[in-house]
Amino acid sequence: MGRTVKLMVACGSGIATSTHAASMVQEYMEERHIPVSIMTCSVQDLANRLSGCDVILSTAQVSFESGLPVFNGVPLLTGVGDDELLKELADKILEISNTVV
Amino acid sequence: MVDVITKVTSALTSLGASVLIPIFIFIMCMVFGAKFKKSLMAGLTFGAAYIGLNLIIGLLISTVSPMVDIMVENWGIKNDILDVGWAVGSAIAYSTTCGALIILVSLGVNILMLSTRLTKTLNVDIWNFWNHAFTASVVYIISGNLIIGLIAGGIHAAFCLVMADRTAKRVQAFYNVPGVSIPHGWAVTSVPIIAGVNWLLDRIPGVKNINWDEKHIQEKWGIFGSPLVLGTVLGLILGCLAGYWSDIPLLLSSAISIGAVMMIIPKFIALFMESLTVVSDAAKKFMKKHFGDREFYVGLDSAILIGHPTTVAAGIILIPVVLVLAVILPGNRVLPFGDLASLAYFVALVPCLSKGNLFRSLICGIVIMSVVMLICTSFGSSMTTMAVQAGYTIPDGAVNITALSAGNWLTWILSKIAAIF
């Protein structure tokens, strides 16, 4: 088992859709014992909150370059393509988790 | 019949929102087919969120209220209705009798309109039914009739679906979100205002070609996108206006407290969201099972549009603009506070309707916020009454509360119609 990966889930407010997306990700990762720690914030605040983060999942557009992998969270809300997204996200998190720094 | 309804309503209301709504959420989750354990957790989480919100409202009001009192007295500024922000406003709206029933009403309206093909939008954004709940509650307070309140909430829900359909194609193309529409209860009411402003600007020579660029705004001023920083700075400004500059330790500690309030509120409100996520998921599956065989748009929160660079920039620039506007706008009594961190929401649909133009976002923002503040002023003590009726503790003599996001012309018109009856 590698290290715990930090995932920042962002949306317009950091309250509504990000909480929704975060709880879906949490459930999926827990079932598969994937070591992830999830935080939420708003997209306006995102740039200020990235220290220590490994991956971004956002339901709103991320309009700046952070160097971190960014996933589009809208499929989690619509339910179209959500399984594919969760699988991709899980693969990325496992990859980071197992990378020796 | 009406008598029975009134009796049942008052018996249920006497239980208090912290007991009643968890039970109601639990039943609703079970009806929509969620598992027992999840349904129970959803109900209990709502109860916990309610208790938490009561704490945070207390902290917010006890920190800001004394400063506002002194400010109003010293400066003659009439901004004595405190904007507590949409998050707190929505949680209050959901804690009312109308709020408990609105999910069924709004989903009912959606089912009716889908099956009669009056709409193509399947609204799964349960959280933002709070806008309908607020409309229903205001009308209920004014008319004293629960049924009329719920009908008003239903009209608001129907309006959202119609506007979502009408803007769907442009939203999908502009934001690259295929199959999505935005039936958000506030955002939809901004559409006619934006259309009006654009119509006007297109007819002014010179002005119609102005197109500002937002490249460096987020880079330079992005720190104000942080609720913590924004709250602390607002605390300093309020503190100075309240004459705290003669007592520096008090000034600084007030600023830190207000920053903390701004930072903590979203964390507490997220509990409400956690609870409603279960309802939303169950309702989404239920609706898809029954209506999934046809082509429809999935109705989502306008939050998914907020990340557009023009919107982020406008949300930041509008903060000082709205503060100044609040002082100079004739007749305004609202003190913008909580929703200053969410100004981007008010202009979320502007880029898509005006081709991503920052200048237009700002002009629309000024017009929209003026309308919003005057409507909130007109609602006066409605939200305070609503909060007290829902069992929240508002200290006597404290300022009235409102939320800018509740300043909705549709709610205003419906409440005026209700006042006739």
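Residues numbered from 1 in each chain as written. Chains lettered and ligands numbered in written order. Predicted model: local features only at pLDDT ≥ 70, side-chain atom pairs only at ≥ 80, totals over all residues.

As recorded in an unreviewed UniProt entry, chain B goes by the name PTS system, galactitol-specific IIC component, listed as coming from Lactonifactor longoviformis DSM 17459. Taken from UniProt, the Subcellular location (unreviewed entry) comment for chain B reads in full: "Cell membrane". (UniProt positions renumbered as here; feature names shortened; annotations may be inferred.)

Within an unreviewed UniProt entry, the label attached to chain A reads PTS system, galactitol-specific IIB component, and the organism entered is Lactonifactor longoviformis DSM 17459.

This part takes up the overall build of chain B. On a plain count of helices and strands, chain B comes out with 17 helices and 6 strands. Against the globule reference of 22 Å for 421 residues, chain B gives a C-alpha radius of gyration of 21 Å, in line with a compact fold. For the C-alpha atoms alone, the extent of chain B along its principal axes is close to 60 × 50 × 45 Å. Taken across its 421 residues, chain B has 54% of its residues classed as buried. Across chain B, every contact between residues at least 6 apart in sequence was considered, and the portion connecting residues at least 24 apart equals 80%. (Helix = DSSP H or I, 4+ residues; strand = E, 2+ residues; numbered from the N terminus. Rg over C-alpha atoms; globule rule 2.2 N^0.38 Å. Buried ≥ 20, exposed ≤ 12 C-beta atoms within 10 Å, placed from the backbone. Contact = placed C-beta atoms within 7 Å.)

All names here are of chain B. By the element assignment, A419 lies in helix 17 (residues 409-420). When the 10 C-beta atoms within 10 Å are taken as the criterion, A419 is described as exposed. Once the C-alpha coordinates of A419 and A34 are considered, the two residues, 385 residues apart in sequence, prove to be 40 Å apart.

What follows concerns the interface of chain B and chain A. Contact with chain B, which involves 36 residues of that partner, is made by 28 residues of chain A. Elements represented by at least two residues in the side of chain B that touches chain A include exactly helix 11 (248-291), helix 12 (309-328) and helix 13 (343-346) of chain B. The biggest single contributor to the side of chain B that touches chain A is helix 11 of chain B, with 9 residues.

Glancing now at the sheet that holds strand 2 (residues 121-123) of chain B. Residues and elements named next belong to chain B. An order of 2-4-3 is seen for the 3 strands of this open sheet, with the pairing classed as parallel. Each end of this open sheet is capped by a strand with a single partner; those strands are strand 2 and strand 3 (180-181). Where strand 2 and strand 4 (residues 297-299) come together, 3 bridges link them in parallel fashion. When the bridges of strand 4 are listed, L122 appears paired with V298. (Pairing = 2+ DSSP bridges.)

A few words now on the UniProt feature "domain: PTS EIIB type-2" (unreviewed entry) in chain A. Per the UniProt record, "domain: PTS EIIB type-2" (unreviewed entry) is annotated on residues 5-97 of chain A. Note that residues 5-97 of chain A is 44% helix and 23% strand, and that its end C-alpha atoms are spaced 6 Å apart.

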